[in-house]
Amino acid sequence: MSPTPVTFASPTQPASYSWEATDEQVAERYGVDPATIVRFDLNTSPQPPALAAELLAAGRFETPLSEYPPSDYARLVAAAATAYGVEPDELLVGAGADEILDLVGKAFLPPGSTAVVPTPSYAMYRVVTEQRGAAQVSTPRRGPAEGWAMDIEAVRAAARSASVVWLCSPNNPTGLPEPEGTIERLLDDLATDARADRREPPIVVLDEAYAEFAGTTLLPLRLAHPNLIVVRTASKAYALAGLRVGFAVARPETIARMAPYRPPGSVSTVSVTVVTEALRQPAAMLANVERVTAERARLTAGLTDAGWRVGPSVTNFLLVDFGDAAIAAAAADTLLRHGLVPRTFGADHPLAGSLRLTVRDRPDDDRLVEAARAFERDRT
């Protein structure tokens, strides 16, 4: 079982995603009942909305299951445009946010180019970059005392010769958004540098997978910055990760540059049907956000009382800092022996001494707190 979701085994090969161990693999390794395993490593919700079950039971989908989905995903695009307050021609549909990231790579990252990532951040940015034959330039974030904010001057300097800048706000895995005004300032600075250098500014990808939990979005910035692509998803707040639906939102001319790389029918007719209705009926999403917000505070308090150092978060996950990679590994081992799967980080990762933990529901989170207490008792 890989301690980190990304493998960089060979310097001559691109990065690849190493899939999380399955429940069955965890059960076999740690001697627990697969039915009792809880995933605290995936940042998903414990249950999908009731609307999904109702639509599946009705069996009436966008097209019959024997047919491909509509090539334009017109109803889904219209629903997303209304939900996000944008025009339909500012949207591109993908099979989850990860396919959107891959389309960005195909459209804007030629071999030999570079992409900038404030690190730590979502591991797929490096995977996409290196799979396109490009190189990642990492700019370290400022650290927990400064809310893990990106170093804007370092990003600006590195972006001067880059094709793409990957941003994530709220950031995964640190759980916090960039300080107010930071991303707008960066976009302005990149435009200024591009004019001075007589080149196009780099594409800036703003991954807002967790925006609904934060209650804010920077989508309006696309109006002044045609190089901005905002990524949204139905996986997190909408609790529909298994349906794999994501969106790119950008100016029409930018969407037009990505569209030729979109594969036909990569989003199933079932996914199109359910996510369309979820976007049209946001009450379940809003209720899930409210639930997560309350449960996040309760879980934070419980883990803190157990003796763990929990960082602030505006997302559906928490980052726990143990200050030492060996302690973090021991804590992860204890959780796994209780059937609770955390997100761990490799030895060379900036967060090697931390664990990332999804906010789930009260019964699951109570098991997590009890396991944390057991770990601390065993240490004393």
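This one's a predicted model, so the numbers in the text were calculated from it and none came from an experiment. (Residues numbered from 1 in each chain as written. Predicted model: local features only at pLDDT ≥ 70, side-chain atom pairs only at ≥ 80, totals over all residues. Heavy atoms only, no water.)

By size, the foremost hydrophobic cluster in this structure holds 79 residues, and its most contacted members are Phe247, Leu303 and Trp308. The residues touching Trp308, leaving out its near neighbours within four places in the chain, are Leu303, Val320, Phe322, Ala331, Leu335, Leu357, Ala372, Phe375 and Glu376. Counting residues in each nonpolar core, the second largest holds 26 residues, with Ala97, Leu103, Leu109 and Ile255 among its members. (Core = buried A, V, L, I, M, F, W, Y, C linked by side-chain atoms within 4.5 Å. Buried < 20%, exposed > 50% of the residue type's maximum accessible area, 1.4 Å probe, protein only. Contact = heavy atoms within 4.5 Å.)

Glancing now at the pairing of strand β12 (residues 317-321). Here is the key point about a regular strand: its side chains alternate between the two faces of the sheet. Burial of β12 is extensive: four of the five residues sit out of reach of the surface. Taken together, the two bridges between strand β11 (residues 309-310) and β12 define a ladder with antiparallel strand orientation. Its bridge partner lying in β12, Arg309 is registered against Asp321. Between the antiparallel neighbours β11 and β12 lie six residues. By the bridge criterion, five bridges tie β12 to strand β14 (residues 354-358) in an arrangement that is antiparallel. Paired with Asp321 across the strands is Ser354, a residue of β14. (Helix = DSSP H or I, 4+ residues; strand = E, 2+ residues; numbered from the N terminus. Pairing = 2+ DSSP bridges.)

Here we take up the packing of aromatic side chains. For the structure on display, the rule yields seven aromatic pairs. For the pair Tyr122 and Tyr125, a centre-to-centre distance of 5.5 Å together with 90° between the ring planes defines the contact as edge-to-face. For Tyr122, a relative accessible area of 21% gives the class partly exposed. Between Tyr125 and Trp166 the ring centres are 5.2 Å apart and the planes differ by 5°, which places this aromatic pair in the stacked class. Placement of Tyr125 in helix α5 (residues 124-131) and of Trp166 in strand β7 (residues 164-168) is noted, with a sequence separation of 41 residues between them. Across the pair, exposure class does not vary: Tyr125 and Trp166 are buried alike. In this structure an aromatic cluster arises from ring pairing among Tyr122, Tyr125 and Trp166. Here Arg356 stacks its cationic end above the ring of Phe317, 5.6 Å away from the centre of that ring. (Phe/Tyr/Trp six-rings, centres within 6.5 Å; stacked < 30°, edge-to-face > 60°. Lys NZ or Arg CZ within 6 Å of the ring centre and 35° of its normal.)

Right, let's get into the sheet that holds β11. What the three strands build is an open sheet, ordered β11-β12-β14; its pairing is antiparallel. The open sheet has two free edges, formed respectively by β11 and β14, since each of these has just one partner strand.

So, about the pattern of salt bridges. Overall, the coordinates contain 28 salt bridges when judged by the stated rule. Residue Arg39 is joined to Asp41 by a salt bridge in which the shortest nitrogen-to-oxygen separation is 2.8 Å. With a relative accessible area of 12%, Arg39 lands in the buried category. Take Asp41: its relative accessible area is 2%, and that puts it in the buried class. (Salt bridge = Lys/Arg side-chain N within 4 Å of Asp/Glu carboxyl O.)

Mean pLDDT over the protein stands at 95; residues scoring 70 or higher make up 95%. Note that residues 1-9 has pLDDT below 50 and, in this model, 29 contacts with residues that lie over four places away or in other chains. (pLDDT = per-residue confidence, 0-100.)

The next thing to look at is the sheet that holds strand β10 (residues 246-249). Sheet architecture is open: seven strands sit in the order β4-β10-β9-β8-β7-β5-β6, paired in mixed fashion. Edge positions in the sheet fall to β4 (91-94) and β6 (135-140), since each has one partner strand and no second. Going from strand to strand, the sheet's axes swing by 25° on average, the running direction of each strand aside. Note: strand β5 (residues 114-119) against β6, six bridges, orientation parallel. Each residue of the ladder has a partner; that of Pro118, found in β6, is Thr139. (Axes fitted to C-alpha atoms, helices over the stretch in contact; angles between N-to-C directions.)

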